[in-house]
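Letter by letter, the chains look like this.
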Amino acid sequence: MADTKSGRYASSSSSSSVVPLVQGPANLECKDFQEYLRTRQTPETLEKLYNYPPICLAVFRELPELARQFIIRILFVDQPVPQAVVTSWGAQRFAKEQTNATSCLTALNVWRVTAIPGGLSAWELSPTFKKSVRQVLLGGGKPWPMTNTLEKDSKPRDIAFLDSYAMSRWRCVLHYMVGTGNRNGTDAEAISPDAVRILLHANLMKRDERDGITITRQGFQFLLLDTRAQVWHFMLQYLDTCEERGISLPECLSMLFQLSFSTLGRDYSSEGMNNQMLTFLQHLREFGLVFQRKRKEGRFYPTRLALNVTSKEVATTMTVSEEEAMQDSGYIVVETNYRVYAYTDSPLQVAVLGLFTELLYRFPNLVVGVLTRDSVRQALRGGITAEQIVSYLQQYAHPNMKLVESAIQSKSCLPPTVVDQIKLWELERNRFTYTEGVVYNQFLSQNDFVTLRDYAQSIHVLVWQNERTRTMVVQKHGHDDVKRYWRKYSKGCG
């Protein structure tokens, strides 16, 4: 009789007599707006979302250019348009782009296939989407609640203040993740329980019986993303918890996109918002997407984090001091001897740098570290990839390094030897390939083992076998076939 056990097994190119039971690393999945709608929303849910003009405007803005042209050309056509006619609008050399645009519109349920007299196939825009886009372009419908008229603010906030406020609130979340923030919630800069809840829900952090709340491998990867991508991923996780909070997902998305279309530095009204949206507004305030002096005040200011959250490219940069600009835009120098010099005194930036470097010295405005095999492998074990390390160093490279890049006409401002070595250290770990399978062992006789092993090999589901220990591993999808064969074989022997 054979005993079975499911698991994930690692094998390498070199021969080995042991197959260890390991778990493959789970990587952070950062979806853009289109991927979020395609993968997480059903056609019925999309129809509900398209009842909100701001959502339709955001969908239209993020579509490929050719897809936007298709919509504009058939937006005011009140009957289906034959597919052959739509195909004729593009030149043959752009057939690939046209196919991508068609697939995108279909996946988002923006248009659908319908039949017209004569048996021809035609495209028809979703009536809900068509109506909302027409309202956006031509006006009409209900006004957005946040556009209500306000009296002039006696204490207006300028763009510099809003940028500083937004980054200070967002950095509280990042400081909390790396352990440099207050996790007891006793000071004004501590993050709210809602933010902690989202971090746990997104698996960016986890509860540990010994260490309390600790960062996960996905959390390490999250820290290396740019701010816009961090905020967008964080808000997606928040939207996943809307139903648990008793808040309408379509209304939250609609308000989020209204903020993304707002004007930086202008105040907006919260009068007329229902209780759900007022609660959502307070959460956005805690995350730094809006500024509001008091919770019950009827006006608020969207920050740049809200304006850039859904855009593929950041339109403008923060207005900060020269020192902060140096730290945010370029403060890292990497030498060919793997030394890393970071001109910063930010605990957050030092903590992120310490994820993949061995820190040697720390001065008031300078940190010196070195990229070593052990430090990079530790980051790789935490889920950070070599490409993310290189990308982070390039993103925050000192301006002088970029001048050298232009002078020597290099593709990267980093020393090629450093980049290659980081990737080689990653390849050392990637020698293993992971296969989910089922282990068979504890055979009563050698003949039973050989018979079952040969059958698994004949149907090409055998992953690994050891004749001495009478142990074999089969692919998970082949487990049922092997099990049926074993039962039939056992009855025949009996």
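This one's a predicted model, so the numbers in the text were calculated from it and none came from an experiment. (Residues numbered from 1 in each chain as written. Predicted model: local features only at pLDDT ≥ 70, side-chain atom pairs only at ≥ 80, totals over all residues. Heavy atoms only, no water.)

## Overview of the overall build of the protein
Put simply, the rule is: Secondary structure elements follow DSSP: runs of H or I no shorter than four residues count as helices, runs of E no shorter than two count as strands, and numbering proceeds from the N terminus. Throughout this description, buried means an accessible area under 20% of the type-specific maximum (1.4 Å probe, protein chains only), exposed means over 50%, and partly exposed covers the range between. Two residues form a contact once any of their heavy atoms are found within 4.5 Å. To be clear on the numbers: accessible area is Shrake-Rupley with a 1.4 Å probe, and residue cover counts the displayed protein chains and nothing else.
Scanning the protein from terminus to terminus reveals 23 helices and 16 strands. Among the 494 residues that make up the protein, the fraction classed as buried is 46%. Of the contacts formed within the protein by residues at least 6 apart in sequence, a portion of 66% connects residues at least 24 apart. Of the roughly 26,000 Å² of accessible surface on the protein, a fraction of 50% belongs to carbon and sulfur atoms.

## Brief notes about the nonpolar core
This is how the line gets drawn: Here, nonpolar core means buried Ala, Val, Leu, Ile, Met, Phe, Trp, Tyr and Cys residues that are tied together by side-chain atoms lying within 4.5 Å of each other.
Formed by 114 residues in total, the largest nonpolar core has its most connected members in Met235, Ile332 and Phe356. When neighbours within four sequence positions are excluded, Ile332 is seen to be in contact with Val340, Tyr341, Ala342, Leu353, Tyr392, Leu393, Tyr396, Ala397, His398 and Met401.

## So, the environment of Lys206
With respect to the helices and strands, the residue Lys206 is situated in strand β5 (residues 205–208). Put simply, Lys206 and Gly219 are 13 residues apart on the chain and 9.5 Å apart in space, counted from C-alpha to C-alpha. Apart from the residues within four sequence positions on either side, Lys206 is in contact with Leu200, Gly212, Ile213, Thr214 and Thr216.

## Some thoughts on the environment of Lys402
Relative to the helices and strands, Lys402 resides in helix α20 (residues 399–408). Sequence separation between Lys402 and Ser412 is 10 residues, and the spatial gap between their C-alpha atoms is 8.3 Å.

## A closer look at the packing of helix α9 (residues 193–201) against helix α11 (residues 227–240)
Stated precisely, the cut-off is as follows: Structural elements are reduced to axes, namely lines fitted to C-alpha atoms, with helices fitted over the stretch in contact, and the angle between N-to-C directions of any two is expressed from 0 to 180 degrees. Any angle that is under 35 degrees is reported as roughly parallel, and any over 145 degrees as roughly antiparallel; angles of 65 to 115 degrees are reported as roughly perpendicular and all others as oblique. Each residue gets one of three labels, nonpolar for Ala, Val, Leu, Ile, Met, Phe, Trp, Tyr, Cys and Pro, charged for Asp, Glu, Lys and Arg, and polar for the others, Gly among them.
Contact geometry for α9 and α11: axes closest at 9 Å, N-to-C directions at 95°. Here α11 runs roughly perpendicular to α9, going by the angle between their axes. Where α9 approaches α11, its residues Ala195, Ile198, Leu199 and His201 are matched on the opposing element by Phe234, Gln237, Tyr238 and Asp240. Looking at the contact of α9 with α11, its residues break down into five nonpolar, two polar and one charged.

## A look at the pairing of strand β11 (residues 339–342)
The test is simple: A strand pair is defined by DSSP finding two or more bridges across the two strands.
Sheet topology places strand β10 (residues 332–334) next to β11; three bridges connect them, and they run antiparallel. Bridge pairing links Ile332 to Ala342 in β11. The turn linking β10 back onto β11 is made up of four residues, and Tyr338 within it adopts a positive phi angle of 75°. As paired elements, β11 and strand β13 (residues 366–370) share four bridges and run antiparallel to each other.

## Focus on the sheet that holds strand β8 (residues 290–291)
A sheet is described by the order of its strands in space; here three strands give the open sequence β7-β9-β8, paired in antiparallel fashion. Looking along the sheet, the strands with just one partner apiece sit at the ends: β7 (268–269) and β8.

## Description of the side chain of Arg453
Tracing the backbone through its elements, the reader meets Arg453 in helix α22 (residues 446–458). The buried category is assigned to Arg453, whose relative accessible area is 12%. For Arg453, the contacting residues outside a window of four places in its chain are Leu462, Gln465, Glu467 and Met472.

## Describing the sheet that holds strand β2 (residues 81–82)
Taken in spatial order, the three strands line up as β2-β4-β3 in an open sheet, and their pairing is antiparallel. In this open sheet, the two edge strands, each paired with only one partner strand, are β2 and β3 (111–116). Two strands pair when backbone bridges link them, and β2 and strand β4 (residues 120–125) are joined in this way by two bridges, in the antiparallel orientation. If you follow Val81 over to β4, its bridge partner there is Trp123.

## Details of the packing of helix α4 (residues 65–74) against helix α6 (residues 95–107)
The condition is simple: Helix crossings are classified by the rotation of the near helix relative to the far one: an anticlockwise turn of less than a right angle makes the crossing left-handed, while a clockwise turn makes it right-handed.
Where α4 meets α6, the closest approach of the two axes is 8 Å, and the angle between their N-to-C directions is 65°. Looking at the two axes, α4 sits roughly perpendicular to α6. Considering only the axes of α4 and α6, their crossing is right-handed. On the side of α4, the interface is formed by Leu66, Ala67, Phe70 and Ile71, while α6 contributes Glu97, Gln98, Ala101, Thr102 and Leu105. Of the residues contributing to the contact of α4 with α6, the split by class is six nonpolar, two polar and one charged.

## A look at a positive patch on the surface
Our working definition: Exposure above 30% relative accessible area and the absence of a salt bridge qualify a residue for a patch, where like charges join within 9 Å and nonpolar side chains (Val, Leu, Ile, Met, Phe, Trp, Tyr) within 5 Å. Only one rule defines a salt bridge in this text: a Lys or Arg side-chain nitrogen within 4 Å of an Asp or Glu carboxyl oxygen. When charges are counted, Lys and Arg are positive and Asp and Glu negative, with His and the chain ends excluded. To locate a charge, the coordinates of NZ of Lys, CZ of Arg, CG of Asp or CD of Glu are taken.
Together, Lys206, Arg217, Arg381 and Arg429 make up a region of like positive charge exposed at the surface. Position of Arg429 relative to the elements: it lies in helix α21 (residues 416–429). The class of Arg429 is partly exposed, set by a relative accessible area of 31%.

## Some words on the confidence of the model for the protein
In plain terms, the rule: For every residue, the pLDDT score states the predictor's confidence, bounded by 0 at the bottom and 100 at the top.
Chain-level statistics for the protein give a pLDDT mean of 82 and a share of 85% at 70 or above. Low pLDDT, under 50, characterises residues 11–25; the stretch is placed with 26 contacts to residues that sit more than four places away or in other chains. Throughout residues 184–188 the model reports pLDDT below 50, and contacts reaching past four residues in sequence, or to other chains, amount to three contacts.

## As for the packing of aromatic side chains
The cut-off we apply is this: Stacked, tilted and edge-to-face are the three classes assigned to paired rings of Phe, Tyr and Trp, where Trp is represented by its six-membered ring and a pair needs centres within 6.5 Å; plane angles under 30 degrees give stacked, over 60 edge-to-face, the rest tilted.
Summed over all chains, the structure comprises 25 aromatic pairs. A ring pair is formed by Phe291 and Tyr301, whose centres lie 6.4 Å apart and whose planes are at 45°; its orientation type is tilted. On the criterion of sequence distance, the pair formed by Phe291 in strand β8 and Tyr301 in strand β9 (residues 299–302) is long-range, its members being 10 residues apart. With relative accessibility at 7%, the residue Phe291 sits in the buried group. Accessibility expressed as a relative area gives 3% for Tyr301, which makes it buried.

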